[in-house]
Amino acid sequence: MALVVKKFGGSSVATTDKILAVANRILAEKKADDKIVVVVSAMGKTTDKLIELAGGIDAEPYKAGYLREMDMLLTTGEQVSIALLAMAFKKLGQPAISLTGAQVGMRTSSVHTKGRILGIKPKRVHDELNRGNIVVVAGFQGADKFGDPVTLGRGGSDTSAVALAGALKADECEIFTDVEGVFSADPRIVPHARKMKEITYYEMLEMARLGAGVMQPRSVEMGQYFNIPIHVRSTFNDKTGTIIREDYTVEDKDFEIRGVAHDMKVAKISVLGVPNKPGVAHTLFKALADVNIDVDMIVQSIRNIDRNINDIVFTIALNDLPEAKKIIGLTSEKINAASVLVEEDMAKVSIVGAGMLGSPGVAARMFGALARADVNIDIISTSEISVSCLVKGSQVTEAVNSIHDEFFPESL
Ligand code: ADP
Ligand code: ASP
Ligand code: MG
């Protein structure tokens, strides 16, 4: 007997036919005494459409006063797909029950639209499994201490699935999606990208953090915390996909980097002409932190030594821009900034790999690849296992392909 958590993303359950196909596939693979929990996302582009709907009330719905209501709205998407999938199982003669995040005891923080899972008390799930039900759980959502629905950030169903697998001590966690696994770059941008057999939590977390949307970063952290291997695979065939785990177990070609990630959802903010004195950066970034806005690449440069003036440039997630603009408008007056510039048409391209530790020249090769593609680098930042460059959004395809071809020539 195995207890398995299987997660199906939005494109896997985009229509009622696809929902029936998912139910059929699960039943075809299920052994008689297997216990199965299925986590599902909202159908197709439902979440985007719900956000658009809110945009009809206010063009910028991701603002402080609206966030609780945004969660109330967005959680309805997953509620539709769990009900339909549970009905599909029943139609096929399999007892099943749908449960929301709150019903499976998923407790979250109260930071609406960016909730974090604080704990899971999955007694109800165990009870329903023991009654012979397949349990169909709404991804992307939990409830806070007031019982209010809270969503886990875009792509959050991955995190729901891995967290549930951990809390249930599941034997396996499978993430079914519209690609056959984790690739050396987004296959939509690099069609000849190579599928990995395995990738470590460490490298996958960095890939995800830098924009590889196939897994939500928090879900990889959860996997590592519970030490539960995650199998990322296709909904539409039964090929083995990619296993995300603590360490490599198979001989894989020893590339210096594991992959190229890109993120189009970034905004660049330049706070220009700020006084060069203690406390300025603190005032600016504390104001953003107070409203839960994550700041990414940060560069401070001295513009004018004589006049003692600095420029502070940084990036944030595009989603946070409306709120950030408000906060920065207020703070830039406080810190006496000369002006603020916002650029939305930017992208971050990154290389990731533990192999680059102790491999000098990797960054230079990346910059060379960008130069060959005639892509100008705006900001550079590094971590232990990654190098990132901010480039023009319109050049992201050339940038990613050129870097990929530099490091993975044999997959051409
Ligand atoms: P789901 O709805 O199943 O959660 P997502 O759209 O969130 O699916 O994630 C799958 C998508 O992630 C793929 O269609 C692919 O375009 C994108 N992606 C980005 N980077 C990678 C990568 N390195 N490997 C695989 N897929 C990637
Ligand atoms: N439906 C949510 C989203 O589109 C959660 C998910 O798909 O993982 O972000
Ligand atoms: Mg996803």
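The structure under discussion appears in the preceding block.
As the structure is a computational prediction, the values presented were derived from the model and not from experiment.

Novice: How do you make sense of the site of ligand 1 when you look at a structure like this?
Specialist: Taken together, 18 residues lie near ligand 1, and Thr177, Asp178, Phe183, Asp186 and Arg188 sit nearest. In the model, a nitrogen atom of ligand 1 is placed 2.9 Å from a nitrogen or oxygen of the Phe183 main chain. Protein contacts shield 85% of the accessible area of ligand 1, which totals 570 Å² for the unbound molecule. Here the shell around ligand 1 is composed, by residue class, of 8 nonpolar, 6 polar and 4 charged.

Novice: Help me understand the packing of helix α10 (residues 362–372) against helix α11 (residues 396–407), please; the structure alone is not making it clear to me.
Specialist: Packed helix pairs are characterised by how far apart their axes lie and by the angle those axes make with each other. Where α10 contacts α11, the axes come no closer than 8 Å and their chain directions differ by 130 degrees. Classed by the angle they form, the pair α10 and α11 counts as oblique. Note that α10 runs across α11; the crossing there is right-handed. Between α10, through Val362, Arg365, Met366, Ala369, Leu370 and Arg372, and α11, the contact on the second element is made entirely by Ala399, Ser402, Ile403, Glu406 and Phe407. By residue class, the composition of the contact of α10 with α11 is 7 nonpolar, 1 polar and 3 charged.

Novice: Explanation requested: the layout of surface pockets in the structure shown.
Specialist: Leftover empty space is mapped by rolling, across the atoms, a probe with the size of a water molecule. Considered as a void within the structure, the second largest pocket measures approximately 160 Å³ in volume. If you trace the second largest pocket, you find it lined by Ala2, Val4, Lys6, Ile26, Glu29, Lys30, Lys31, Asp34, Ile36, Glu172 and Glu174. Broken down by secondary-structure element, the contributors of at least two residues to the lining of the second largest pocket are β1 (3–8), α1 (16–29) and β9 (172–177). For the lining of the second largest pocket, the class distribution of residues is 4 nonpolar, no polar and 7 charged.

Cut-offs and rules
Residues numbered from 1 in each chain as written. Chains lettered and ligands numbered in written order. Predicted model: local features only at pLDDT ≥ 70, side-chain atom pairs only at ≥ 80, totals over all residues. Heavy atoms only, no water. Near = heavy atom within 4 Å. Polar contact = N/O pair within 3.5 Å; in protein donor to acceptor, adjacent residues only side chain to side chain. Areas by Shrake-Rupley, 256 points an atom, 1.4 Å probe, with all protein chains shown as cover. Nonpolar A, V, L, I, M, F, W, Y, C, P; charged D, E, K, R; others polar. Axes fitted to C-alpha atoms, helices over the stretch in contact; angles between N-to-C directions. Helix = DSSP H or I, 4+ residues; strand = E, 2+ residues; numbered from the N terminus. Parallel < 35°, antiparallel > 145°, perpendicular 65-115°, else oblique. Left-handed = near helix turned anticlockwise from the far one by under 90°. Contact = heavy atoms within 4.5 Å. 1 Å grid on protein atoms, 1.4 Å probe; cavity = no way out; pocket = protein on both sides within 12 Å on 5 of 7 lines; lining within 4 Å. Points joined across faces, edges and corners; volume = space filled by probe spheres on them.

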